[in-house]
Amino acid sequence: MSLLGKLDWSAIPFDQPIIMGASGGMILAVVSVLSWVTLKGYVPYLWREWITSVDHKRIGIMYTVLALVMLLRGFSDAILMRTQQAVAAGGSQGYLPPEHFDQIFSAHGTIMIFFMAMPFVIGMMNFVVPLQLGVRDMAFPTLNSVALGLTASGILLTNISLAVGEFSKAGWVAYPPLSGLQFSPGVGVDYYLWALQISGVGTLMTGINFVTTILKTRAPGMSYMRMPVFCWTSLAANLLIVAAFPVLTATFAMLLLDRYLGFHFFTIGGQGNPMMYVNLFWIWGHPEVYILVLPAFGIFSEVVSTFSGKPLFGYRSMVAATMAICVLSFVVWLHHFFTMGASANVNGFFGVMTMVIAVPTGVKVFNWLFTLYGGRIRFTVPILWSIGFMVTFVIGGMTGVLMAVPPADFQLHNSLFLIAHFHNVIIGGTVFGVMAGYNYWFPKAFGFQLDERWGKISFWCWLIGFYIAFMPLYGLGLMGMTRRMQHYDVASWQPWLVVAACGVAVILAGIVSQIIQLVVSIRNREHLKVTADPWDGRTLEWATASPPPAWNFAVLPQVTDVDAFWKKKQRERVQAQPASERKFEPIEVPKNSATGFVTAFFAVITGFALIWHIWWMAGVGAIGIFVTVLAFAFRDEEEIEIPAEQVARFEREHEAEIAV
Amino acid sequence: MSVAVAVDDGVGHEARPSASEAGPATKRIVVSYGFWIFLLSDIVMFSAFFAAYAVLAQATAGGPSGVQLFHQRSVAIETGCLLASSYSCGLMSLAIGSRRYGITYLDALVTFVLGAAFLVLELREFAGMIAVGAGPQRSAFLSAFFTLVGCHGLHVTAGLVWLVVMMAQVAIKGFRPTVERRLLCFSLFWHALDIVWVWLFTVVYLMGVRS
């Protein structure tokens, strides 16, 4: 038994030029960013203002940065797969050997779902929800920071797998028996499992935090039916997190026990039941797609209403539809595997439920359309993303209903038709949503707007690129091409795959435009500077300065309506009030804490040690986490007080722009 | 936790149209509400293990089944210990409410001893089963059994560690609001473990020996 468990020099794939190049580039990038930060002397600033910050706005921005970085990582996997499939026809094997290709599609799915879409959505919620609720922070600010840290730990472990060892080759769903020890003896599946277990705990913390925040801490007067729709959809998404993520944790725990201690949950021997894994996985997995898309629905609702200059059409039906989806998402899981061999009645039930869940979604689409109808629409970048979403998502939804018919699904199961379908709804729904939100709330977060021209270029590249990349996959699926093929012999597929690869190139142009947009905007920030309310907004986040102070609101707003801020602006237009001399009181804000960072540090150590069977190190990591939590529990001061004078000074400086 | 700014208490209750418009709740409510949500999520996790157990309960792979392995007397004593510890935990909450240090420590000690006794009995049961070749590697049924019961046991262990930490906090920090809120969460946790055990007792042990 070696001191380093299974870890030795053979873990580093020196014979694989592509992997060595990629991981070398990654390490170089990380080292150069770190040394640049150190040389410039930014470390104390970053530590004080960001890493130890428990401010929900800062945490939200850090989540978003993580998501953007991982979008690049996941997208580079997509480029590899599309180019491989464009060339690997007939006699050609392409440039990626099967065991590498398998890692790439597994990493692509895992990263895009767990480490791109989830952090992006959670980042948006973190930044926006407390502001929209008109309060000063989340219910549990330090827990929020720990959740961020654990998400980052999962991301770090996944990226370490690129250089040290390997990643899972069992797909992003890791079905046993393939993912069991018998058929995946390497560390790949262990990287997958521990990275997701650790980040999953973080996600659960986020869920608990948001449910409590939304249900228990809202500004005075904000009853449930006065909450902005984004808060409603966030509530639904986080209820789903609380109810679904524990199932994933339990399922992965069972697979880990199978792999580490020879248990027989999902093995072929010992009367284990591999299909149980598939059921449990999708009992989490289907709610998960709504965890991703419901907040995006909320973003579209805010954007459509703001840029149409109208209240959202059918607010109550929107809320009802959201909560209906929240409940129904738990009774459709079996449609991911109609081919399991359940009876016709079981398949029939889940097919019908899947069609039923399309109804509230349809309600939402009509609500957005009727909000746009008759509105004075300003075609800014966020509304472009929203309109692009409506067209794209409806197509994706329709193909989903097609596959909800079990006999049709028997043909389409695991074909590229399915791949096209879920990219159609996840890119068209979630990604377009977070892009709309990113452009919409960026000025609130940083006090300057993103460049419109590059934003529009990026949108059109994404939209057109999406259609070129994924519409051919529908055809290929109907022609019989299955997913995850490193190589194929059917020559007639190749032209379609070449077209799809061209589509990826157009999306790449969209992503490059987004990077340019960010750089150009930062360079022109003085010119793009905005006040508190650049979009003529309707909800409370626009009522405070851009960027908002640490305490969000000097005085908690008094809410009397939906669209609280809009109504207030209208009232003030009618009766121009004299600026009354306001009295400010000292405000308590939560104290910074290194707990999140230190916990994350030890979580990475523990995870890495468990992956490589370095038991002593796993013990050190676990004790480290315990001691960190203990130190947090015994700290004496939890809050610092911002003196009334400082609050008053901030308010005076921003008087012109703050409306509350 | 800055959100827990007290709403102007001068406003009378009749002036507030409804509870949902009252503004941010107090810290005590926020903390215990959040902990309730955590407990619900924990119970969802248990439900996944319960489901796995239900699916695999007959999958003995030619090995021993529950009828041959479970000793009802020992399990009855275990159950008695755990339920009694919930009672003493309740007494501890009352002692905390009336700020009595001595009785708080005494009740915590009783709770700890009963919880530890429960764990010892459970571990003895596990060791006995492993000794006769009925460990978790024997069959899918035993994998599910050890995981479900062991997961509850891990929770009890975590609860015992937490209880020790809380008594240290009471000793060092006294009954300040933070400590009281944590004690409230602890007692919720301890009672929730009882609820899970009642289910576990029914599904695993009672239904298991019925063959």
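Quick caveat, the model's predicted, so the values are computed rather than measured.

A. Representation of the pattern of salt bridges within the structure. All names here are of chain A. Using the criterion set out here, one finds 17 salt bridges over all chains in the structure. Notably, a salt bridge pairs Arg 48 with Glu 49, separated by 3.9 Å at the nearest N-O pair. We note a salt bridge from Arg 652 to Glu 645, for which the minimum N-O separation is 3.6 Å. One salt-bridge network, in which partners are shared between bridges, spans Arg 48, Glu 49 and Arg 58.

B. Inspection of unusual backbone geometry at higher detail. Residues and elements named next belong to chain A. Put simply, Pro 176 and Pro 177 share a cis peptide bond, and its omega is 5°. A cis amide bond, omega -10°, links Ser 546 with the succeeding residue Pro 547. Phi is positive for Gln 271, which is not a glycine, with a value near 60°. Checked against the element boundaries, Gln 271 lands in the loop between helix 7 (229-261) and helix 8 (274-308). By relative accessible area, Gln 271 is classed as partly exposed at 42%.

C. Representation of the packing of aromatic side chains. Residues and elements named next belong to chain A. Under the criterion given, the structure shown has 73 aromatic pairs over all chains. Measuring from centroid to centroid gives 5.0 Å for Phe 459 and Trp 460, while their planes differ by 65°, and the two rings are edge-to-face. Seen from the ring of Trp 50, Arg 58 lies directly overhead, with NZ or CZ sitting 4.6 Å from the centre. The ring of Trp 566 has Arg 538 sitting right over it, with the charged end atom 4.2 Å from the ring centre.

D. Main features of the interface of chain B and chain A. Counting from both sides, the interface comprises 48 residues of chain B and, opposite them, 54 residues of chain A. A buried area of about 3900 Å², summed over both sides, lies between chain B and chain A, and 69% of it is on carbon and sulfur atoms. Here chain B and chain A share five salt bridges between them. When the shortest N-O distance is used, the salt bridge between Asp 636 of chain A and Arg 176 of chain B registers 3.3 Å. Our count for the chain B to chain A interface comes out at 16 residue pairs in polar contact (both at pLDDT 80 or more).

Cut-offs applied
Just so you know, the residues in each chain are numbered from 1, in the order the chain's sequence is written. Working convention: letters from A go to chains and numbers from 1 go to ligands, in the order in which they are written. Thresholds applied to this predicted model are a pLDDT of at least 70 for local features of residues and 80 or more for the giving and counting of side-chain atom pairs; totals over whole chains, interfaces and linings are not thresholded and use all residues. Hydrogens and water are ignored here; the side-chain numbers use all heavy atoms of the structure. Any Lys or Arg side-chain nitrogen found within 4 Å of a carboxyl oxygen on Asp or Glu counts as a salt bridge. Only DSSP runs of H or I covering at least 4 residues are called helices, and only runs of E covering at least 2 are called strands; the numbering of each starts at the N terminus. When a residue's accessible area, from a 1.4 Å probe over protein chains only, is under 20% of the maximum for its type it is buried; when over 50% it is exposed; and in between it is partly exposed. Within 6.5 Å between ring centres, the rings of Phe, Tyr and Trp (the latter by its six-membered ring) count as paired, and their orientation is classed by plane angle as stacked under 30 degrees, edge-to-face over 60, tilted in between. For a lysine, the NZ atom is tested; for an arginine, the CZ atom; a charge sits over a ring if that atom is within 6 Å of the ring centre and within 35 degrees of the ring normal. The contact rule is simple, with two residues in contact once any of their heavy atoms fall within 4.5 Å. By convention, the term buried area covers the 1.4 Å-probe accessible surface removed from two parts as they join, with the contributions of both added. Think of a polar contact as two N or O atoms within 3.5 Å of one another; within protein, one of them needs to be a possible hydrogen donor and the other a possible acceptor, and neighboring residues in sequence only count if both atoms come from side chains.

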